[in-house]
Each structure stands twice: as structure tokens, then as C-alpha cells.
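Chains, contacts and geometry: an overview
Spelled out, the chains give:
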Number of protein chains: 2
Amino acid sequence: MKNESTAPAPQSDAAAEALSRFHAVIPAGGVGTRLWPLSRAAAPKFLHDLTGSGQTLIRATWDRLEPLAGAGMMVVTGQVHRDAVARQLPELGEDDFVLEPEPKDSAAAIGLAAAILSLRDPDTIMGSFAADQVISPLEDFQKVVEEAVVTAATGKIVTIGITPTHPATGFGYIRRGRSLRLQDAPHAFDVAAFVEKPDAKVAAQYVRSGKYLWNAGMFVAPVTLMLQHLEEHEPELHAGLMAIAQAWDTDRRQEVLAEVWPTLKKTAIDYAVAEPAAAAGDVAVVPGDFTWDDVGDFAAIARLNPVKDGSGITVIGDTPRVYSSEASGVVVTDSDRVIALIGIEDVVVVDTGDALLVTTTDRAQDVKKAVESLKAEGADDVL
Amino acid sequence: MKNESTAPAPQSDAAAEALSRFHAVIPAGGVGTRLWPLSRAAAPKFLHDLTGSGQTLIRATWDRLEPLAGAGMMVVTGQVHRDAVARQLPELGEDDFVLEPEPKDSAAAIGLAAAILSLRDPDTIMGSFAADQVISPLEDFQKVVEEAVVTAATGKIVTIGITPTHPATGFGYIRRGRSLRLQDAPHAFDVAAFVEKPDAKVAAQYVRSGKYLWNAGMFVAPVTLMLQHLEEHEPELHAGLMAIAQAWDTDRRQEVLAEVWPTLKKTAIDYAVAEPAAAAGDVAVVPGDFTWDDVGDFAAIARLNPVKDGSGITVIGDTPRVYSSEASGVVVTDSDRVIALIGIEDVVVVDTGDALLVTTTDRAQDVKKAVESLKAEGADDVL
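Keep in mind that what you see is a predicted model, and the values were worked out from it rather than measured.

Procedures and definitions
Residues numbered from 1 in each chain as written. Chains lettered and ligands numbered in written order. Predicted model: local features only at pLDDT ≥ 70, side-chain atom pairs only at ≥ 80, totals over all residues. Heavy atoms only, no water. Helix = DSSP H or I, 4+ residues; strand = E, 2+ residues; numbered from the N terminus. Rg over C-alpha atoms; globule rule 2.2 N^0.38 Å. Buried < 20%, exposed > 50% of the residue type's maximum accessible area, 1.4 Å probe, protein only. Contact = heavy atoms within 4.5 Å. Lys, Arg positive; Asp, Glu negative; His and termini not counted. Charge placed at Lys NZ, Arg CZ, Asp CG, Glu CD. UniProt positions renumbered as here; feature names shortened; annotations may be inferred. Least-squares fit on C-alpha atoms with pLDDT ≥ 70 in both. Salt bridge = Lys/Arg side-chain N within 4 Å of Asp/Glu carboxyl O. Domains from an automatic or database assignment. Buried area = accessible area lost by both parts, 1.4 Å probe. Pairing = 2+ DSSP bridges. Axes fitted to C-alpha atoms, helices over the stretch in contact; angles between N-to-C directions. Core = buried A, V, L, I, M, F, W, Y, C linked by side-chain atoms within 4.5 Å. Arc of directions from axis to C-beta. Parallel < 35°, antiparallel > 145°, perpendicular 65-115°, else oblique. Nonpolar A, V, L, I, M, F, W, Y, C, P; charged D, E, K, R; others polar. Left-handed = near helix turned anticlockwise from the far one by under 90°. Polar contact = N/O pair within 3.5 Å; in protein donor to acceptor, adjacent residues only side chain to side chain.

On a plain count of helices and strands, chain A comes out with 12 helices and 17 strands. Taking 383 residues into account, the globule formula puts the C-alpha radius of gyration at 21 Å, and chain A, at 21 Å, falls close to it. Across its three principal directions, the C-alpha atoms of chain A cover 60 × 50 × 40 Å. Residue burial in chain A is summarised as follows: out of 383 residues, 56% are buried. A separation threshold of at least 6 residues defines the contact pool for chain A, and within that pool the share at least 24 residues apart is 68%. One finds the centroid of the 33 positive side-chain charges in chain A at a distance of 5 Å from the centroid of its 55 negative side-chain charges.

Given below as C-alpha cells:
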């Protein structure tokens, strides 16, 4: 419990009680295609240090949550990442290390966590926090999570919505409704609606209104309430997950997992639980004013990392030897090659052993298309 | 003599006689700093295939000249390049393989060739042709060289001047004077003057006038006339070179070379011979209408190489795997890494084992400055 000292003292007895039932779940999936060739199937985004902090994103996610999670920590990831994740999180227990035989989207991943936790203790409040986000300051985040846990304890699925800093078109938004007027969670609101990624004009209206928050995919909820909505909207998926959960803490875990998992429906937790629950009035939101970034592309990496002493270039890498002249942008390298950039603005150079990407921060989103083209051309060895 | 079939039949008996005394000399020096990191101290420009022809520049230079050179071929290069040059030119005899212990500029390199050849046969006509130029078509070049050899046989130092295709500011120019009215060399003119690299306005005037030619550094001359001017203008250098030449075809070659070479003055053949000889009325020029490029930078490589099937990208490399989307420019690679270029115009990417360059064709000339900076920073391992 070396990080416990970083946990804030609970604001109230109610908060202390709710936090004691709080089990944090970290789904670690998603290759982060827009960060190719740094991030790829064998070394996805969450296994990288993208902020120069010295920590991988998954380790930083763990350290943010562990001090709050009175009931424990769980990670859900692909079997192929088992060893890499274990190296990052040596304290993660075998029973809380959920390894998916194949990707089945977020409803199955988070639903299985809910099912396992519910059978161990139906009073558990779970929180789901993706492994590949960058958040600061820590204290602000932890206060918001605490309010979310307190709010969840009143019988709500609680999303954490990020106060937008600009009219982003790459995120879904949450429209908040009325205050829930909770004594121990003064910033909790009803969710009026989840809305899809808007165009630029609509996004600007959202930001101006002050009523919209970015949907960062973070939520906190009683496991029983999660499973109730899942059962109602995806009964077969629910049944499959419960079957695996019943075998989980027995010697039949692998057998049942291998048998049932491949049969499960692929769907997002948003469709399977969050949106129907919002329509039923069961979803709340706590706004977060902390800085949040999902490090979606190399433009984000340029944004999140300081430029090296007057060079105009952000450098990410262990032993970089970067020379630049009238150049700006970001260089990510895992080699000690000399990299010389001359007269090129907002460039993105990602230098790995078997693949090199050169683009601009403006075109950072298009890396995904390039990866799709490479796949179509059979370049799977570098994807 | 496998390439003899590509030699044109001499135009006249006089031409045949002059060509029988013609010994072609290829000075292979110059790192080609603007082509770093492809070209570098250990692997200079002339050892690369920069046109996708399948031949290195020095091999192509040899093949252009060998059919004409009735008296033989000679190469002057650095001792460090001995093995690489020998692999390129297996037919080069030991006595015509002049290895400089250290670089001493062009007057020493070409002067030593002249001195050695003059002692073997004072009637020799030498021609000096840099190892790192790209020329086509072959037939046009060979006709011009033949005229130059015929003109040299009348007692002239004959430069080959390239008819300019645009007002280049990167070359010196030759102003031609009157026709020499030689029956067997109808295109030979007196040289009125050599002029330094002009600015853009002056260059445009030169091109408009029709009287100026690019100085490509190619010349043909009787060895005795070369040495006469060298002796007059650089007597110490001449004496040193003659001392080495006297030992050359003896068992004291290495001993004298090692003793004398380090003492020689560094100066360019232009200053030591060509310009004083022009002032004395001893220099002629034969214009060449062939395409000529000194492959001075990566913009030249982009210019000289066809773009790959509709991709917008020129690719130079053995096993390239280049993917591009809305990108143009040139990629030079000696690896089989995947290289992805997205949304970037006129880019130059040079991908080598220990160094990577990213710039634009517009900034291709600035590569030299980058190399100087790298040198100043102690990155000699990649230079």
C-alpha cells in the first residue's frame, strides 16, 4: 500500500463507507492505431510512457486509483498482453487479472468484471477507468472519483464528464440535467442525455452552453445496477458473463472462459448499459475540471510533452540524438539513431525498429487510415 | 574490352589518332555532404547508385569513358576507399589506381595523374571526369569527348561546358570566345573567361546571352601542357608531384608517396592550371548538349529519379516498403523498414542504419549545414 499516502482523506463518513466498497477496474484494450508505429498490436498505447513521466500509461492509471480503491483493483486485458501488464503491475493478484482470449468490446470486458465482483460481494461499487488516459492534477481527479463513488452508493451509474476546454469534435458529449443535491457529492447531476460526436458548429454551441461535458468513458456504479441493466438489454451476454463469473474463483475458470467467451456478443458498454440506463433515469454525472487527454494521436503527444530546450522539437525516447534546424513538431524514437530535421514545421517522426512514420500534427488523425492501408497491403508484421 | 562495342567509330583519322593517346582519369573524392546520411566519409556519393540504374556513379563514369580511352583508365581516390572502389572497378590495374594518403584537393590529385602519365608517355592526352556525375545520353557525351580530345591534340586544355537549361546559381560558368575552326572538332571554341557562381539575375543574363556554359569540371588536355602550366604557377607542387611520379612505377612508390604527399599544397586545379592557362590563351571549350547533373543534393535525386507508380514518391533503395498518402518527395532507404508518409509535400526522408534525415527538397542545400552542426556536436560516428 505504498501509494496510500497520496489518497485524500474521505470528505465524510458516507464517503469513507462508499470508498471501502470501491473496486477499481482498468480495461486495458485498444491498440491505439493512431499512434502507430509506436503503439501496435504487440505493444499497445497503454504500455508506453507517452508523457515523459517515466511511467507507462497503465502504471500511472493504477497509481491514480489504487489509493482510493478500498475493495481492490482489477485489470481486464488481452491474453497476449499478460506478461507485459504483469511487469507493469507486479502487485496485481491473479484473481483480479482478467485475461480475454480475444477482444469482445467493452460490454463483455466491463460486464465480466462486474459479474465477478458481484458474486464476491454484491455491495461492491465498481469504477471503470481506461488504461490509456493522461490526467492531472491527481488530487482533483481523486476528489471527483470520490464524489462519483458517493453518488454511485445512492444507486446511480455515475459518469465522470470532463469540462470541455475547446469545441472538440473527436469526443461524445454528456448533457447534464439537474443537480442531485447530494450532501456528500455536491457536484453530482442527472444525465439528461449522451450525445454522439458533434460537428464543429454544434460542438461550439455545446461548449458555450456550459451544460455539456466530454464523455471520457469513465464511470462508477454499483455492480448490481450495472448487471441489472445489462441483463435487461443484453440478456444473452449477461448470461454468458455470469456463467464465466460463477466459474471464476474455482478451478474451472479457464475451461468455462475458453468455452463461453468466444460466443459472446461484441458491443460497447455505452449501448449495452449506459444509454438505456440514462433513458431510465439511472445515470448521473460528476464534472471533472482536471486536465484530461486520451492521447489519441501524435498531435496529443506534441501537446502533452514539453519542447526540448529551444529546439522546437518535442522528443520522446530513451536515448534520442535529435538535431533540428528551423523545425518544429514531435519525434518519438526507440533507437539511438541520429535524427536530423531541417526546415520542416509541425512534423511528426516516429522511428521504430521496423517502421518509420513521417507526417504532420495536422494529419495525425490520418495515421489510422495509413494503418488500414498497410493492413490491406499485407504488412501485418509491423502492425 | 567488353564495352568497346558502345564506343562510336572515330569521326576521322585525326580523331582515331588522338583517341589512341587518350587516357581517362577519374578523380573520386568529395564526400557529398549535402547527401548525408546516405553519402558520408565511409561511403561517399560516388559509391552509390543515385539514379536507380543499378550502377554506382563511379561504375557508370567508368563505363562512359572506357570505350573511348585508347591509352587506358586511371582512378585517383582516397586510400580509405581502396576496397570499395576495387569492388566497383575490378578491371582497374594496380598501377593506374592512385590512392591518396589524405585529401589534398584537385590540383594534387589530377596533377599526380598527369605526372605519372607524362613519364610513361609524354604524348598522352588526359581527360579528367569526376566520379559522381550523371550524364545522358551516352552517345552525345562520347561525341563531345571525342571533339575535346581532337581539340586537345592541337595543343589546348579543353573544358567541356554544359549548355545551361536554367539560370543555375550553384555552378561556375565559362564564357566562350571565337570558334577554333577545327575541321575535326567543329564545336570547339576559345575560352574567353571562367566566371564564379553568379547570382540569379546575372545567371539569367548568362543564359539569355547564349555565350555561357556551365563549368562541369571536365577537361581534356595534353599531359605536358597541364604540367607546364602547373610548373609555372605552382612550382613546388609540381616538383613534389614529379618526385612521386618518378617513383611510381618503381618499388619506391609507397615510400616516396608517404614522404612527399603530406607536404603538398592544397589547391584547386581551377586556380593552379585552368584559369592561368585561360589567361594565356591555352584553353578551349566544347559545349555539351547532353543532360548533366552533379547530383548535388536530394532535390537532384528527386529530379533524376522517376516517381513510383502514381504514389508521388521517388523511392531509392533495395528493398523499400514505402506507403504514402497525399505525400510527395523522395525516400532513400537502405533498410527494409516500412516507411509511411502522410500528408507531407516535397519531403526528403533518408533512412540509414544509424541516422535519419527528414527535410524538404526546398531545404536540400541546408543538409550541409546540418552536417557541420553534427560535427560541431561530436556526432562523428554518423558522418
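Here the narrative resumes, following the displayed structure.
Turning next to the UniProt feature "domain: Nucleotidyl transferase" (unreviewed entry) in chain A. Within this numbering scheme, the UniProt entry marks residues 24–305 of chain A as carrying the feature "domain: Nucleotidyl transferase" (unreviewed entry). Along residues 24–305 of chain A the backbone is 38% helical and 22% strand, and the end-to-end C-alpha distance reaches 28 Å.

A word on the relation of the copies chain A and chain B. After a rotation of 179° and a shift along the axis of 0.1 Å, chain A superposes on chain B with an RMSD of 0.1 Å. Expressed as an axis order, the relation between the two copies is that of a two-fold axis. Rotation axis and chain A: the residue whose C-alpha lies nearest the axis is A:Val358, separated from it by 4.2 Å. A symmetric contact is evident, with 100% of the interface residues of chain A recurring at the interface of chain B.

A few words on the pattern of salt bridges. Proximity of charged atoms lets side chains of opposite charge pair with each other. Under the defined criterion, the tally for this structure stands at 40 salt bridges over all chains. A salt bridge links B:Asp249 to B:Arg253, with the shortest nitrogen-to-oxygen separation between them at 3.9 Å. With a closest N to O distance of 2.5 Å, B:Asp366 and B:Arg363 form a salt bridge. Both residues of the pair, B:Asp366 and B:Arg363, belong to the buried class. Where salt bridges share partners, they join A:Asp95, A:Asp96, A:Arg120, A:Asp249 and A:Arg253 into one cluster.

Time to look at the domain arrangement of chain A. Residue and element names in this part refer to chain A. Domain parsing of chain A yields domain 1 (4–293) and domain 2 (301–382). A C-alpha centroid distance of 31 Å is found between domain 1 and domain 2. In this complex, domain 1 contributes 13 residues to the contact, which on the side of domain 2 involves 19 residues. Counting the surface domain 1 buries against domain 2, the share from its top three residues, Arg34, Trp36 and Arg40, is 46%. At the surface where domain 1 touches domain 2, the tally comes to two salt bridges.

With that out of the way, let us pick up the pairing of strand 9 (residues 212–222) of chain A. Residue and element names in this part refer to chain A. Burial analysis of strand 9 places 10 of its 11 residues in the buried class, which makes it a mostly covered element. Two elements, strand 4 (residues 125–128) and strand 9, share four bridges in a ladder whose sense is antiparallel. Bridge pairing in strand 9 links Ser128 to Phe219. As paired strands, strand 6 (residues 157–162) and strand 9 are joined by five bridges and run antiparallel to one another. Counterpart to Val158 in the pairing with strand 9 is Val220. Pairing of strand 7 (residues 173–179) with strand 9, which is carried by three bridges, proceeds in the antiparallel orientation. Bridge assignment links Arg175 to a residue of strand 9, and that residue is Tyr212.

Here the focus is the sheet that holds strand 13 (residues 321–325) of chain B. Read across the sheet, six strands follow the order 12(A)-14(A)-16(A)-17(A)-15(B)-13(B) without closing on themselves; strand pairing throughout is mixed. In the strand order of this sheet, the two ends are held by strand 12 (313–317) of chain A together with strand 13 of chain B, each with one partner. The average undirected angle you get between the axes of adjacent strands in this sheet is 10°. Pairing between strand 16 (residues 347–351) of chain A and strand 17 (residues 355–360) of chain A: five bridges, direction antiparallel. Following the sheet pairing, A:Val349 is matched in strand 17 of chain A by A:Val358. Packed on one face of the sheet, helix 12 (residues 367–376) of chain A meets strand 17 of chain A together with strand 13 and strand 15 (338–342) of chain B and runs near 135° to strand 13 of chain B.

Okay, the nonpolar core next. Counting residues in each nonpolar core, the largest one holds 53 residues, and the members touching the most others are A:Phe22, A:Ile58, A:Phe129, A:Met218, A:Phe290 and A:Trp292. Ranked by the residues each element gives to this core, the list is headed by helix 5 (residues 138–152) of chain A, at seven residues. Residues in contact with A:Met218, not counting those within four places in the same chain, are A:Ser128, A:Phe129, A:Gln133, A:Ile135, A:Phe141, A:Val158, A:Thr159, A:Ile160, A:Ile162, A:Phe290 and A:Trp292. Residues B:Leu92, B:Ala284, B:Val286 and B:Phe290 belong to the second largest nonpolar core, which totals 52 residues.

Residue and element names in this part refer to chain B. Among the residues of helix 9 (residues 253–260), Arg253, Val256, Leu257 and Val260 are the ones counted as buried. Projected down its long axis, helix 9 shows its buried positions confined to an angular sector of 100°, all on one face. Summarising the contacts, the buried residues of helix 9 are in contact with strand 3 (97–100), helix 4 (105–120) and helix 8 (235–248).

What follows deals with the packing of helix 7 (residues 223–233) of chain B against helix 10 (residues 269–279) of chain B. Each pair of packed helices can be summarised by the angle the axes make with each other and by the distance between the axes. All names here are of chain B. The contact between helix 7 and helix 10 brings their axes to 9 Å, and the two run at 110°. Between helix 7 and helix 10, the angle is such that the two are roughly perpendicular. Residue-level inspection shows Met226, His229, Leu230 and His233 of helix 7 in contact with helix 10, the latter providing Ile269, Ala272, Val273, Pro276 and Ala277. Considering only residue class, the contact of helix 7 with helix 10 consists of seven nonpolar, two polar and no charged.

All names here are of chain A. Remark: helix 8 (residues 235–248) packs on helix 9 (residues 253–260), axes separated minimally by 8 Å, with the N-to-C direction vectors making an angle of 165°. When the interaxial angle is binned, helix 8 and helix 9 end up roughly antiparallel. Where helix 8 crosses over helix 9, the two elements pack in a sense that is left-handed. Within the contact between the two elements, helix 8 uses Gly240, Ala243, Ile244, Ala247 and Trp248 and helix 9 uses Arg253, Val256, Leu257 and Val260. Counted by class, the contact of helix 8 with helix 9 contains seven nonpolar, one polar and one charged residues.

Right, let's talk about the interface of chain A and chain B for a bit. Contacts between the two partners involve 35 residues from chain A and, on the opposite side, 35 residues from chain B. Where chain A abuts chain B, roughly 2800 Å² becomes buried across the two surfaces, and 59% of that area is made up of carbon and sulfur atoms. Linking chain A to chain B there are six salt bridges. A:Arg363 serves as the salt-bridge partner of B:Glu326, at 3.3 Å between the closest nitrogen and oxygen. At the surface where chain A touches chain B, the tally comes to 22 residue pairs in polar contact (both at pLDDT 80 or more). Listed by contribution, the elements that provide at least two residues to the side of chain A that touches chain B are strand 13 (321–325), strand 15 (338–342), strand 16, strand 17 and helix 12 of chain A.

It is worth spelling out the UniProt feature "domain: MannoseP isomerase/GMP-like beta-helix" (unreviewed entry) in chain A at this point. UniProt feature "domain: MannoseP isomerase/GMP-like beta-helix" (unreviewed entry): in the numbering of this structure it lies at residues 326–374 of chain A. In residues 326–374 of chain A, the share of helix is 16% and the share of strand is 43%. The end C-alpha atoms are 31 Å apart.

A word on the sheet that holds strand 17 (residues 355–360) of chain B. Pairing within the open sheet is mixed, and its six strands lie in the order 13(A)-15(A)-17(B)-16(B)-14(B)-12(B). Among the strands making up the open sheet, the edge pair consists of strand 13 of chain A together with strand 12 (313–317) of chain B. Across this sheet, the average inter-strand angle for adjacent strands is 10°, counted without regard to direction. In this sheet, strand 16 (residues 347–351) of chain B lies alongside strand 14 (residues 329–333) of chain B in parallel orientation, the contact comprising five bridges. Looking at the pairing, B:Val332 lines up with B:Val350 of strand 16 of chain B. Each of strand 13 and strand 15 of chain A together with strand 17 of chain B is contacted by helix 12 (residues 367–376) of chain B, which is oriented at about 135° to strand 13 of chain A, the strand it contacts most.

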